[in-house]
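Fold and contact review
So you can see what is in the structure, the chains are spelled out below.
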Amino acid sequence: MCDAPYQAVAEQLGTTEAEVLARLRRLLDERVLTRFGPMFQVERLGGRFVLAALAVPEARFDTVAAQVNALPEVAHNYRREHHLNMWFVLATETPDGIADAIRRIEADTGLMVFAFPKRREFFVDMRLQA
């Protein structure tokens, strides 16, 4: 943790903070990266998250995606070629928030949410060359 993380990265890479930020913006704009930010262990902060899925009729997919994505508890959402064709992550500030979010999605969409809580934590130490 530091007050100027992009400056610290720039110094390690032998460039400027402005160049680090410009490269990051370019990677996000080109969708090489879809998200850039800190990763928190939400359970240590008192919250909870689950992977969830819906079986959405194709004719309603875009409408249901908009309904699901409108919730602040939805971290990200993916289309899959499977009976359960919409997968998303729910993250809440409290453990009880998951059930509330699921009830809201089911009420808004009329579809059953399949929730898959984390059973085990894995750490993948992936590092990429800059």
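Below is a short write-up of the structure. Being a predicted model, the structure only gives us computed values, none of them experimental.

A look at the overall build of the protein
Helix and strand content of the protein: 4 helices and 4 strands. Traced from its N-terminal end to its C-terminal end, the protein shows the element sequence α-α-β-α-β-β-α-β. Dimensions of the protein along its principal axes, counting C-alpha atoms only, are 55 × 35 × 25 Å. Looking at the 130 residues of the protein, the share that counts as buried comes to 26%.

Comments concerning the sheet that holds strand β3 (residues 86-92)
Two pairing modes exist for strands in a sheet, parallel and antiparallel, and in both the strands are linked by backbone hydrogen bonds. Taken in spatial order, the 4 strands line up as β2-β3-β1-β4 in an open sheet, and their pairing is antiparallel. Strands at the two margins of the open sheet, each flanked by one partner only, are β2 (74-79) and β4 (114-117). Averaged over neighbouring strand pairs, the angle between their axes works out to 20° when direction is ignored. Where β2 meets β3, 4 bridges bridge the pair, whose relative direction is antiparallel. Directly across from Arg-79, in β3, lies its bridge partner Met-86. Along the sheet, helix α3 (residues 61-69) makes contact with β1 (48-54), β2 and β3, crossing β2 at roughly 165°. Against the sheet, helix α4 (residues 96-109) contacts β1, β3 and β4, and its axis sits at roughly 140° relative to β3.

A few points about the nonpolar core
Residues Leu-54, Val-68, Met-86, Phe-88, Leu-90 and Ile-105 are the most contacted members of the largest nonpolar core, which totals 19 residues. Where this core is concerned, the elements lending two or more residues are β1, α3, β3 and α4. Here Phe-88 is in contact with Val-50, Leu-51, Ala-52, Ala-53, Leu-54, Val-68, Val-74, His-76, Asn-77, Ile-105 and Val-113, once residues within four sequence places are set aside.

About the cut-offs
- Residues numbered from 1 in each chain as written.
- Predicted model: local features only at pLDDT ≥ 70, side-chain atom pairs only at ≥ 80, totals over all residues.
- Heavy atoms only, no water.
- Helix = DSSP H or I, 4+ residues; strand = E, 2+ residues; numbered from the N terminus.
- Buried < 20%, exposed > 50% of the residue type's maximum accessible area, 1.4 Å probe, protein only.
- Pairing = 2+ DSSP bridges.
- Axes fitted to C-alpha atoms, helices over the stretch in contact; angles between N-to-C directions.
- Contact = heavy atoms within 4.5 Å.
- Core = buried A, V, L, I, M, F, W, Y, C linked by side-chain atoms within 4.5 Å.

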